[in-house]
Amino acid sequence: MRLTKFTDLALRAVMRLAVAGEGAPLTTREVAEAMGVPATHMAKAITRLQHLGVLEARRGRGGGLGLTSLGRRASVGWLVRELEGEGEVVACEGDSPCPLRGACRLRRALRGAQEAFYAALDPLTVADLVSSPTGPVLLGLIGPRPG
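Residues numbered from 1 in each chain as written. Predicted model: local features only at pLDDT ≥ 70, side-chain atom pairs only at ≥ 80, totals over all residues. Heavy atoms only, no water.

Overview of the overall build of the chain
Next up, step 1: The helix and strand tally for the chain stands at eight helices and two strands.
Next up, step 2: Taken from N to C terminus, the helices and strands of the chain fall in the order α-α-α-β-β-α-α-α-α-α.
Next up, step 3: Taking the principal axes of the C-alpha coordinates as reference, the chain spans close to 65 × 30 × 25 Å.
Next up, step 4: Restricting to contacts in the chain with at least 6 residues of sequence separation, those with at least 24 account for 67%.
Next up, step 5: Looking at the chain as shown, the accessible area adds up to about 9,000 Å², and 56% of this sits on carbon and sulfur atoms.
Next up, step 6: If you average the places of the 19 positive and of the 14 negative side-chain charges in the chain, the two averages end up 3 Å apart. (Helix = DSSP H or I, 4+ residues; strand = E, 2+ residues; numbered from the N terminus. Contact = heavy atoms within 4.5 Å. Areas by Shrake-Rupley, 256 points an atom, 1.4 Å probe, with all protein chains shown as cover. Lys, Arg positive; Asp, Glu negative; His and termini not counted. Charge placed at Lys NZ, Arg CZ, Asp CG, Glu CD.)

This is the structure:
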């Protein structure tokens, strides 16, 4: 299974914010720069993560992005499901529906594989993703802001 670029970007943002620490809130632009993506793309991912309740944004002096308690304890499987949506691996319906859709075993097999993929991610949390050696690398992506 392949994740969308949007989901990949959102997961990387969550991982970077997970190691940021309470005293060092990051901006959307800083996270985007660390991940080497346009700030506009990151802003869309950040907005979606806010809607999911995974992170919060505080405005003004001392503001920035931070993970919520849900964001810290969320299952990676849940997060990927929410970001990817309920779509099927294959498109059997649509403008030119597949002639096998009524008797196809492939769709069922792929749905099972998709659920197995998510089930493998379910026990993992964001904390698991940022444990060593990943966490220190993430911290090195953005140096401390000038004070």
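Re the pairing of strand 2 (residues 64-67)
Next up, step 1: In this sheet, strand 2 lies alongside strand 1 (residues 55-58) in antiparallel orientation, the contact comprising four bridges. When the bridges of strand 2 are listed, Ala57 appears paired with Leu65.
Next up, step 2: Counting the residues that bridge the hairpin from strand 1 to strand 2 gives five residues, and of these Gly60 lies at a positive phi of roughly 85 degrees. (Pairing = 2+ DSSP bridges.)

Some points on the side chain of Glu30
Next up, step 1: Looking at the element boundaries, Glu30 is found in helix 2 (residues 28-35).
Next up, step 2: Since its relative accessible area comes to 14%, Glu30 is described here as buried.
Next up, step 3: Within the structure, Glu30 has its side chain in polar contact with the backbone nitrogen of Thr27 (distance 2.8 Å). (Buried < 20%, exposed > 50% of the residue type's maximum accessible area, 1.4 Å probe, protein only. Polar contact = N/O pair within 3.5 Å; in protein donor to acceptor, adjacent residues only side chain to side chain.)

Looking at helix 1 (residues 5-18)
Next up, step 1: In a regular helix each residue adds 1.5 Å, so 14 residues correspond to 20 Å; helix 1 covers 20 Å between its end C-alpha atoms and thus fits that length.
Next up, step 2: For helix 1, a buried count of 10 out of 14 residues is recorded, marking the element as mostly surrounded by other parts of the structure. (Expected span 1.5 Å × (residues − 1).)

Observations regarding the layout of surface pockets
It is the rolling of a water-molecule-sized probe over the atoms that shows where space remains empty.
Next up, step 1: Roughly 190 Å³ of volume is contained in the largest pocket.
Next up, step 2: What lines the largest pocket is simply Leu26, Thr27, Thr28, Ala43, Ile46, Thr47, Gln50, Ala57, Arg58, Arg59, Gly64 and Leu65.
Next up, step 3: Broken down by secondary-structure element, the contributors of at least two residues to the lining of the largest pocket are helix 3 (39-51), strand 1 and strand 2.
Next up, step 4: Of all the elements, helix 3 adds the most residues to the lining of the largest pocket, at four residues.
Next up, step 5: Its residues placed into classes, the lining of the largest pocket shows five nonpolar, five polar and two charged. (1 Å grid on protein atoms, 1.4 Å probe; cavity = no way out; pocket = protein on both sides within 12 Å on 5 of 7 lines; lining within 4 Å. Points joined across faces, edges and corners; volume = space filled by probe spheres on them. Nonpolar A, V, L, I, M, F, W, Y, C, P; charged D, E, K, R; others polar.)

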